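Okay, here's what each chain looks like letter by letter:
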Amino acid sequence: MTPYPFTALVGQADLQLSLLLNAVSPAIGGVLVRGEKGTAKSTAVRALTALLPGVDVVPGCRFSCDPAAPDPACPDGPHEGAGAAESRAARMVELPVGASEDRLVGALDIERALSEGVKAFEPGLLADAHRGVLYVDEVNLLHDHLVDLLLDAAAMGASYVEREGVSVRHASRFLLVGTMNPEEGELRPQLLDRFGLTVEVAASRETDERVEVVRRRLAYDDDPEGFAARWADDERELRQRIAAARDLLPRVRLGDAALRQIAATCAAFEVDGMRADLVMARTATALAAWAGRADVESADVRQAALLALPHRRRRNPFDAPGLDEDKLDRTLEENAGQDDDSGPEPEGPDDGGPDGGPDGGGGVPPQGAPQDEAQAPQGEPSIPGQPQPEPAEQAAPPQSPEGATGEPDPNAPAPPQQTAAPAGEPFRARTLTVPGLGEGAAGRRSRARTAHGRTTGARRPQGALGKLHLAATVQAAAPYQHARGRRGSGLLVRRDDLREAVREGREGNLVLFVVDASGSMAARQRMSAVKGAVLSLLLDAYQRRDKVGMVTFRRGEAEVALPPTSSVDAAAARLESLPTGGRTPLAAGLLRAREVLRVERLRDPARRPLLVTVTDGRATGGPEPLVRSRQAARLLAADGTASVVVDCEAGHVRLGLARELAAQLGGSAVTLDELRADAVTELVRSTTDSRNAGHAGRAA
């Protein structure tokens, strides 16, 4: 199918510029594109692939070796005297979210390796992408170990496959492009740092631009070949410019003045490590080559910082990525200087465009396009973002010590207007786990059988062979060697002998919060403490690679404030603006949580849930509210749902209703103070000290 022309894109200049810079200098390390759905992310990548120069390959080589410099370690080699080269277009290889490790890096036939001593290797996607583009849609939804393998290969330019002492290596150099929707979860900071550049994309809010997007897309859908032909001259000119910039790149000079600005900028923004300095240097050099200059200028450094630093400043999942441009300008000005053999630093490339991009400064060159380029229309534009939480409403009056039903005082004064209480300072939370042994997605919370972890046993393969358990395989094959006619030193192994390792590691869970937002929680300091506790648990869930969801109940009803998602940012935003007030429909909250968990079990049966109910245990509204809440709790217990109740009861008079609720749920109860990991550590330390003192006293 004819790809959409790169020069026909509308509205996303930063995205186009970052892709072009990586096409000029793949050493930059790829691009991470963050943004809402329907913003032409994949269309832009496919369009760029069509612009890349073709590659010469060794005929019959599955690893796309360059005949002028073949990989000496190529599994299909050696390639000396391979004959005439074959030419083909650069490939774009897509890595699906559900890909396995073997699909990514390749697979070894362990049976043939053991019985025949043959390295029978089936190449993976990293081999297919060599000398092309590797596109990872929704990279934030990939398992962490796959992202690690992917980024390791991108950094080293090679892929290594190790299986029980059998090792295969092959070259794997590619332009890496990952896309993600932040609403669906963030990448860990360590993984964010491995991407060279990052770009934020969003659909245009300008009417004229949106009209042009739709007009071009409809024209392309009606006649792809004819539409591409109208842009052929612009595509050819841009392709030639990429080739010219690649040729110029080795001759571009990065002077001491520009290098000092790069180092000062990274230091001023307190980025970790030295990777940011290296990426900025490579990006600034590529910007100069793209503009046709042989020297890096201050404007190149500025544009490089805007592309290379925002995602490296993220300290925790609740930090918004971004860069203070005023601070950036001050830092560059304070560290502007002269090279020993050059005049004063110019203020910007050529025409002084703020983007430091093509044509001496601005984004992507018009290339004769009728409109400013950028965003490729991709079907109907979607409505970005999530619905905003409702504003804070009136809060019920603070409730005095109540009866078992927690009924408010009918003579209490009218409730005042109350804004949402801010969240308290988050802290390191104690680890809450699901009991038993699961088989869910890899994570860091509960015990589970996983593909990675410590080996606990062996079993016959269930489907394709996973990690071989060598000792168990040899033990299974040994009794039959004489019957199979073994005469030499080799072991005769059949498929029935193979055993795979059973490993135990940690899994990620679905942590569903059920938060009491009723009037009994409305005291401002109390709600701030509760929000701080939930925020701490959300941070813990992020670090342990959990999915999270939130159900709130107040004013006689319960609502799903956040359906289960991998985005703790979204949960934190909902929590921050959570209003309080009204009665306490505890039963409704528990029943709504049960329905959410029922649906999630159908979607992802392997992911075990952990229900965290944040309440003081009171229940009001309707007939026998406490009885109905206990009935709802028993239903959740009968479903086998692991539960923890965070007891928010305060004051001198305590009814212990939260602990009773925990007993009905078949779970445990912890107070806000007990939720702190340092409190648990202090308790263990004091208990140990007391025990040691007792032993010392008896010994004396």
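Keep in mind it's a predicted model, so treat the numbers as computed, not measured. (Residues numbered from 1 in each chain as written. Predicted model: local features only at pLDDT ≥ 70, side-chain atom pairs only at ≥ 80, totals over all residues. Heavy atoms only, no water.)

1. Observations concerning the overall build of the protein
Note the cut-off: Strands here are runs of E lasting at least two residues and helices are runs of H or I lasting at least four, both read from the DSSP assignment and numbered beginning at the N terminus. For each residue, the accessible area found with a 1.4 Å probe, counting protein chains only, is set against the maximum for its type, and the residue is called buried under 20%, exposed over 50%, and partly exposed in between. Between two residues, a contact is recorded if the distance between any of their heavy atoms is within 4.5 Å. What sets the accessible areas is the Shrake-Rupley method with a 1.4 Å probe; for residues, cover comes only from the shown protein chains.
The secondary structure content of the protein amounts to 22 helices and 19 strands. Here the protein, with 700 residues, has 50% of them falling under the buried criterion. Counting contacts in the protein only where the partners sit at least 6 residues apart, residues at least 24 apart contribute 79% of the total. When the accessible surface of the protein is summed, it comes to about 31,700 Å², and 50% of that surface belongs to carbon and sulfur atoms.

2. A few points about the nonpolar core
Just so we agree on the cut-off: Here, nonpolar core refers to any group of buried Ala, Val, Leu, Ile, Met, Phe, Trp, Tyr and Cys residues whose side-chain atoms link them within 4.5 Å.
F6, L19, L21, V177, M280, W290 and L309 are the most contacted members of the largest nonpolar core, which totals 62 residues. Looking at this core element by element, the count peaks at 10 residues for helix 12 (residues 275–290). Apart from the residues lying within four places of it in its own chain, the contact partners of F6 are Q16, L19, L20, A44, A47, L48, L51, E235 and L238. Among the nonpolar cores identified, the runner-up in size contains 38 residues, and F513, M550, V644 and L672 belong to it.

3. Focus: the pairing of strand 1 (residues 31–35)
Going by this rule: We treat two strands as partners when DSSP finds at least two bridges between them.
Summarising burial for strand 1: 5 of the 5 residues are buried, a large majority. Side chains of strand 1 alternate between two faces, with V31, V33 and G35 and L32 and R34 buried alike. Relative to strand 10 (residues 174–180), strand 1 is paired through 4 bridges, and the arrangement is parallel. The residue of strand 10 that forms the bridge with V33 is T179.

4. Quick word on the packing of helix 11 (residues 256–268) against helix 12
We apply this condition: Only the stretch in contact is used when fitting a helix axis, every axis being a line fitted to C-alpha atoms; angles between N-to-C directions are given from 0 to 180 degrees. Oblique is the label for any angle not under 35 degrees, not over 145, and not in the 65 to 115 range, which are roughly parallel, roughly antiparallel and roughly perpendicular in turn. Handedness of each helix crossing follows the sense of rotation of the near helix against the far helix: counterclockwise by less than a right angle gives left-handed, clockwise gives right-handed. Note that Gly is not counted as nonpolar here; it falls among the polar residues with everything else outside the nonpolar set of Ala, Val, Leu, Ile, Met, Phe, Trp, Tyr, Cys and Pro and the charged set of Asp, Glu, Lys and Arg.
Packing of helix 11 against helix 12 brings their axes to within 9 Å, and their N-to-C directions diverge by 140°. One element, helix 11, and the other, helix 12, form an angle in the oblique class. With respect to the hand of their crossing, helix 11 and helix 12 are arranged in right-handed fashion. Along its contact with helix 11, which presents I262, A263, T265 and C266, the element helix 12 presents A276, D277, M280 and A281. Here the residues of the contact of helix 11 with helix 12 sort into 6 nonpolar, 1 polar and 1 charged.

5. Quick notes on the pattern of salt bridges
Just so we agree on the cut-off: Any Lys or Arg side-chain nitrogen located within 4 Å of an Asp or Glu carboxyl oxygen qualifies as a salt bridge.
Counting across every chain of the model gives 34 salt bridges. When the shortest N-O distance is used, the salt bridge between E200 and R34 registers 2.6 Å. Of the two residues, E200 is situated in strand 11 (residues 197–201) and R34 in strand 1; the sequence distance between them amounts to 166 residues. By relative accessible area, R34 is classed as buried at 5%. Bridged by salt links that share partners, the residues R445, D540, R544 and D546 form one connected network.

6. Describing the state of the cysteines
Where we set the bar: Count a disulfide wherever a pair of cysteine sulfur atoms falls within 2.5 Å.
Evaluation of the coordinates by the stated rule reveals 0 disulfides. Its sulfur unpaired, C74 is 3.6 Å from the next cysteine sulfur, which belongs to C65.

7. Some words on the environment of A69
Its place among the elements puts A69 in the loop between strand 2 (55–57) and strand 3 (86–88). Separated by 11 residues in the primary sequence, A69 and V58 have C-alpha atoms spaced 9.9 Å apart.

8. Observations regarding the packing of aromatic side chains
In plain terms, the rule: Working definition: rings of Phe, Tyr and Trp (its six-membered ring) pair if their centres are within 6.5 Å, and the pair is stacked with planes under 30 degrees apart, edge-to-face with planes over 60 apart, and tilted otherwise. Both a distance and an angle decide whether a charge sits over a ring: NZ of Lys or CZ of Arg must be within 6 Å of the ring centre and within 35 degrees of the ring normal.
Inspection of the entire model under this criterion finds 5 aromatic pairs. Between Y4 and Y220 the ring centres are 5.1 Å apart and the planes differ by 65°, which places this aromatic pair in the edge-to-face class. Here Y4, found in the segment before helix 1 (13–24), pairs with Y220, found in helix 8 (residues 207–222); they are 216 residues apart in sequence, far enough to count as distant. Pair check on accessibility: Y4 and Y220 agree, each one buried. With 5.4 Å between their ring centres and 40° between their planes, Y4 and F227 make a pair best called tilted. Of the two residues, Y4 sits in the segment before helix 1 while F227 sits in helix 9 (residues 224–230), which places them 223 residues apart along the sequence. F227 carries the same exposure label as Y4, and that label is buried. An aromatic cluster is built from Y4, Y220, F227 and W231, whose rings are joined through pairwise contacts. The ring centre of F269 lies 4.9 Å from the NZ or CZ of K327, which sits over that ring. Sitting over the ring of F427, R676 keeps its end group 4.1 Å from the ring centre.

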